[in-house]
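Single-letter residue listing:
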Amino acid sequence: MTGAFYATTPIFYVNAEPHIGHTYTTVVVDTLARYHRLAGEKTFFLTGSDEHGEKIAEVALELGETPQAVADRYSEAFSRTWQTLGFSFDRFIRTTDPDHKQVVQNILQKIYDAGEIDFREYEGLYCIGCERFFTERDMVGGKCPDHDRPLESRKESNYFFKMTHHFEWLIDYINSHPDFIRPDRYRNEVLGMLREDSGLGDLSISRPKSRLEWGIELPFDTDYICYVWFDALINYLTGIGYPDGPDFATLWGASQHFIGKDILKPHAVFWPCMLHAIGLEPYQRLNVHGFWNVDDRKVSKSLGNKIDPLVMRDKYGFDSFRYFLLRDMAFGTDSDFSEEALVTRINADLANNLGNLVSRTLNMTGRFCGGNVPEPGQPGAQEQAVADAAATAAGQVDAHLRSCEFHRALEVIQGLVDTVNRYLEARAPWKLAKQKAAGWQAHVNTTLYTSCEALRVLSLLVAPFMPETAPKILERLGIPDALATTRLPDDAATWGSLAPGTPTSKGAPLFPRIEVES
Ligand code: MSP
């Protein structure tokens, strides 16, 4: 096993059912986790639920339930949905898990003992939706732009983490590690937040129990609980056995967080400062994505425009939905969601292109080669061109995935499908089989071997993106267990491992064309 990969989704607030936004981050991490596993790296994928804080206490009060009961119900909804959708996470962490509580208290005590915490009175404006204080410059028309609700004026005594002491170090770190936060625009945004005139001060890390009891108690003052973001960020350490679990050091050294742009500040400022205060290296990389909008507004529970991933799965198949999410959003920028765009994409790329290549190749293998992978003749220039295109695609998909350019990786895969489709058109094996001119069988055998082998490569390349589809194609190619021993990108870049004589099968269309009622 070479290399390691530790990837996290944000942990989800337990006040809403999973929607397209939560699903997108999780699809991204799932795709990467699957790729890195296939690349033979020690991989850990963490997701979970963020259960403390005022937001949840508020919902519980409205519902007349305990916060624990609300948290149990929604956390269960997330973990069940994530299982139903087939996400390959290694742990679903809850911030109410006993090991997490212990790690949070241990870290609070460590920072307190290091003299990094003091007690002060503070007055400011708070957004319960974001669970954070606002500076004047964050507000739009006196409101939180994300939650469209008035901010609450707060004046109380609290414990503060002396975060500003770490700003100089953090600015240097960001400047000397160009890949620390990506894409670049977010790195620049963070450097802006850290400028002296930005108004970002020390971090209030407690809430008095007199106002909020739902949280982890401070180990050095039992009248207070821990601020929800301070507690939540630490899940990334608990999840892999901080401080002395057997895999902790390896995984932490390979850690990548994936988040939406609305939670940039806690991840890019609070979190590295907290890690620095406890003497840990920062995470390796922060990857920031944009928002899915519907009618130009962010999808959210409060706006009532959420897209349910289970409904999408039932209607279109989850692989197709995953494909759309990864293909139609350039990681880092916003995208608009519509079912029309989804259907257009599925029909064009999956039904007409990839699905069609699978069915025409296997149909012809059945009709002209007795259903077995044929023995090819000497490859000519046309065959060599397909083999070269496959090797190039394998390298490009690897590079694009490692730099979070999912849409580009999928463009490369579609490009390879196009190449093979064009190759088939040029070789026209159906014409030769019909005319039965001298040497037709050898020509057809070489052509269909090339096409079957290209399908093998394509299955390996799509496996991280479409985990249900790849095994189906491999099964039809007669190599159902191929993924168990696959090493990417090498096994996709190496041409010719499909053995002649392997029995193939046709199967039903992988992506039936979706007819739209007009
Ligand atoms: N609990 C915090 C995260 C704590 S991590 C230590 C939180 N939870 S959340 O449930 O509100 O959001 C989780 C993720 O979903 C965030 O990354 C957020 O950006 C993402 N999305 C929520 N709506 C979204 C869209 N409409 N589009 C894309 N992602 C968005 O924040």
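Details of the structure are given in the entry above.
Residues numbered from 1 in each chain as written. Predicted model: local features only at pLDDT ≥ 70, side-chain atom pairs only at ≥ 80, totals over all residues. Heavy atoms only, no water.

Peer 1: A description of the site of the ligand should follow, citing residues and the corresponding values.
Peer 2: Residues in close proximity to the ligand total 24 residues, the closest being Ile11, Asp50, Gly260, Asp262 and Trp292. One of the backbone nitrogen or oxygen atoms of tyrosine 13 is found 3.1 Å away from an oxygen atom of the ligand. Within the backbone of tryptophan 292, an N or O atom sits 2.9 Å from a nitrogen atom of the ligand. Burial of the ligand by the protein amounts to 95% of the accessible area it has alone, namely 660 Å². The greatest single-element share of the shell around the ligand, amounting to 3 residues, is contributed by helix H7 (residues 228-233). The class makeup of the residues in the shell around the ligand is 13 nonpolar, 8 polar and 3 charged. (Near = heavy atom within 4 Å. Polar contact = N/O pair within 3.5 Å; in protein donor to acceptor, adjacent residues only side chain to side chain. Areas by Shrake-Rupley, 256 points an atom, 1.4 Å probe, with all protein chains shown as cover. Helix = DSSP H or I, 4+ residues; strand = E, 2+ residues; numbered from the N terminus. Nonpolar A, V, L, I, M, F, W, Y, C, P; charged D, E, K, R; others polar.)

Peer 1: Describe the packing of helix H13 (residues 339-368) against helix H15 (residues 406-427), and please don't skip the residues or the numbers.
Peer 2: One way to put it is that H13 packs onto H15 with a least axis distance of 10 Å and a crossing angle of 45°. By the criterion of interaxial angle, the relationship of H13 to H15 is oblique. In this structure, H13 meets H15 at a crossing whose hand is left-handed. Residues Asp349, Leu350, Asn353, Leu354, Leu357, Arg360, Thr361 and Met364 of H13 lie in contact with H15, whose contacting residues are Gln414, Val417, Asp418, Val420, Asn421, Leu424 and Glu425. Classifying every residue of the contact of H13 with H15 gives 7 nonpolar, 4 polar and 4 charged. (Axes fitted to C-alpha atoms, helices over the stretch in contact; angles between N-to-C directions. Parallel < 35°, antiparallel > 145°, perpendicular 65-115°, else oblique. Left-handed = near helix turned anticlockwise from the far one by under 90°. Contact = heavy atoms within 4.5 Å.)

Peer 1: Would you mind going over helix H4 (residues 98-113) in detail, with residue names and values included?
Peer 2: With 16 residues, H4 should cover 22 Å at 1.5 Å per step; its first-to-last C-alpha distance of 23 Å lies within 8% of that length. Among the residues making up H4, those that are buried are His100, Val103, Val104, Ile107, Leu108 and Ile111. Viewed end-on, H4 has its buried residues packed into an arc of 135°, placing them on one side of the element. Those residues of H4 that are exposed and aimed more than 90 degrees away from the buried face are Pro98, Gln102 and Asp113. Where H4 ends, the next residue or the one after it, glycine 115, has phi of about 75°, a positive value. (Expected span 1.5 Å × (residues − 1). Buried < 20%, exposed > 50% of the residue type's maximum accessible area, 1.4 Å probe, protein only. Arc of directions from axis to C-beta.)

Peer 1: Just give me the short version of the pairing of strand E7 (residues 152-161), but keep the residues and values in it.
Peer 2: Sheet analysis places strand E5 (residues 117-127) next to E7, joined by 10 bridges and oriented antiparallel. Its bridge partner being in E7, arginine 120 is matched across the sheet by asparagine 158. The pairing of E7 with strand E9 (residues 203-204) spans 2 bridges and is antiparallel. The partner of phenylalanine 160 across the bridge, within E9, is serine 204. (Pairing = 2+ DSSP bridges.)

Peer 1: Describe the sheet that holds strand E11 (residues 217-218), listing the residues and the values that go with them.
Peer 2: One open sheet accounts for 3 strands, arranged E10-E12-E11; its pairing is antiparallel. At either margin of the open sheet sits one strand with a lone partner, and together these are strand E10 (206-208) and E11. Two elements, E11 and strand E12 (residues 221-226), share 2 bridges in a ladder whose sense is antiparallel. Counterpart to glutamate 217 in the pairing with E12 is isoleucine 225.

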